Amino acid sequence: MTNMYTKWDRAALLEEVSLRVKKARFAHILRVEAKAIELAHKYAGDVEACQLAALLHDYAKDMPRSEVVKIQQAAHIDAEMLAFGSQIWHGPAGAYYAKETFGVTNQEVLDAIYQHTIGGEQMSLVSKIVFIADYIENGRDFPGVSEARELANQDLDAAVIYKIKQTLKHLVDREERIYPGTLTVYNQWMQKMED
Ligand SMILES: [Fe+2]
Ligand SMILES: [Fe+2]
């Protein structure tokens, strides 16, 4: 990793990330990094951008809610999003820290971090790569992961749609509430398929 998008070198950045997240999550982050680099090569994406977004994507996941409340306005986290819990807001919060703590200004990197929890209507290649790398990194083991990996090997958009659908199904099966933004993203991708 060069200093193209942040002044932090990889070692210093990892040190800081390791202080903020649980051990198991840190290992996950390294696997997402490896997968994001692999996908970036495969799809001719910006390797540096994908790698950096992967390294920072879960930075805010283990943060206490009280910390996030302080940055809520600046991170564009509305009350509804805050109420849904870190599962949803750690993307937007992560993008905020990427900018404020790590000095990242590249919009694709910031959007990829922002969007990784629920996806987005407009996703750049970097955003899609991080979204899928997070889903299929080598440590993942869930029903459907091999299909997701196969799709990611053939067609990145198909993999994105698969993840959006599976996530929704999973939430419904477990009778969990669905963040309205998740439904909006689903509807937009279904619309895209009809067009
Ligand atoms: Fe995450
Ligand atoms: Fe993750």
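Here's a quick rundown of the structure. This one's a predicted model, so the numbers in the text were calculated from it and none came from an experiment.

Another aspect to go through is the overall build of the protein chain. On a plain count of helices and strands, the protein chain comes out with 11 helices and 0 strands. Counted from the first residue to the last, the protein chain has its helices and strands arranged as α-α-α-α-α-α-α-α-α-α-α. Scaling as 2.2 N^0.38, a compact globule of 195 residues should have a C-alpha radius of gyration of about 16 Å, and the protein chain matches this with 16 Å. C-alpha atoms of the protein chain, sized along the principal axes, occupy 45 × 40 × 30 Å. Sorting the 195 residues of the protein chain into buried and exposed places 50% on the buried side.

Below, the discussion takes up the nonpolar core. Soluble globular proteins tend to pack their nonpolar side chains together in the buried interior. Grouped together as the largest cluster of nonpolar side chains are 63 residues, with contacts concentrated most on Val17, Leu56, Ile77, Val104, Val109 and Ile132. Counting residues per element, this core draws most heavily on helix 8 (residues 125–136), at 8 residues. For Val17, the contacting residues outside a window of four places in its chain are Phe26, Ile29, Leu55, Leu56 and Tyr59.

Once their charged atoms are close, side chains differing in charge can pair, the charge on each being opposite to the other. Enumeration according to the criterion identifies 10 salt bridges in this entry. Ionic pairing is found between Arg10 and Glu33, a salt bridge with its closest N-O pair at 2.8 Å. With a gap of 23 residues between them, Arg10 in helix 1 (residues 10–20) and Glu33 in helix 2 (residues 23–42) connect regions that are remote in the sequence. According to the relative accessible area criterion, Glu33 is buried, its value standing at 6%.

Coordination of the iron ion (ligand 2) by the protein is provided by His28 (NE2), His57 (NE2), Asp58 (OD) and Asp134 (OD), with metal-donor distances spanning 2.2 to 2.3 Å. Spacing between the donor residues of the iron ion (ligand 2) along the chain follows H-x28-H-D-x75-D. The metal-metal distance between the iron ion (ligand 2) and the iron ion (ligand 1) comes to 3.5 Å, with Asp58 coordinating both. Like Asp58, His57 is buried.

Attention shifts here to the coordination of the iron ion (ligand 1). In this structure, Asp58 (OD), His90 (NE2) and His116 (NE2) serve as the protein donors to the iron ion (ligand 1), at separations of 2.0 to 2.1 Å. Along the chain, the residues donating to the iron ion (ligand 1) are arranged with the sequence spacing D-x31-H-x25-H. Residue His90 is classed as buried on the basis of its relative accessible area of 2%. Take His116: its relative accessible area is 3%, and that puts it in the buried class.

This part covers unusual backbone geometry. Here the phi dihedral of His76 falls at roughly 55°; this positive angle occurs in a residue that is not glycine. Among the secondary structure elements, His76 is positioned in the loop between helix 4 (65–71) and helix 5 (79–84). With phi around 55°, Glu175 is a residue other than glycine that occupies positive phi space. Here Glu175 shows up in the loop between helix 10 (156–173) and helix 11 (180–194).

Let us look at helix 3 (residues 47–56). With 9 of its 10 residues buried, helix 3 lies for the most part within the structure. Buried residues of helix 3: Glu48, Ala49, Cys50, Gln51, Leu52, Ala53, Ala54, Leu55 and Leu56, and no others. Measuring from the backbone nitrogen of Glu48 back to the side-chain oxygen at the start of helix 3 gives 3.2 Å, which picks out Asp46 as the cap.

So, how was this worked out
- Residues numbered from 1 in each chain as written.
- Chains lettered and ligands numbered in written order.
- Predicted model: local features only at pLDDT ≥ 70, side-chain atom pairs only at ≥ 80, totals over all residues.
- Heavy atoms only, no water.
- Helix = DSSP H or I, 4+ residues; strand = E, 2+ residues; numbered from the N terminus.
- Rg over C-alpha atoms; globule rule 2.2 N^0.38 Å.
- Buried < 20%, exposed > 50% of the residue type's maximum accessible area, 1.4 Å probe, protein only.
- Core = buried A, V, L, I, M, F, W, Y, C linked by side-chain atoms within 4.5 Å.
- Contact = heavy atoms within 4.5 Å.
- Salt bridge = Lys/Arg side-chain N within 4 Å of Asp/Glu carboxyl O.
- Donors = N, O, S within 2.8 Å, 3.2 Å for Na, K, Ca; no water.
- Polar contact = N/O pair within 3.5 Å; in protein donor to acceptor, adjacent residues only side chain to side chain.

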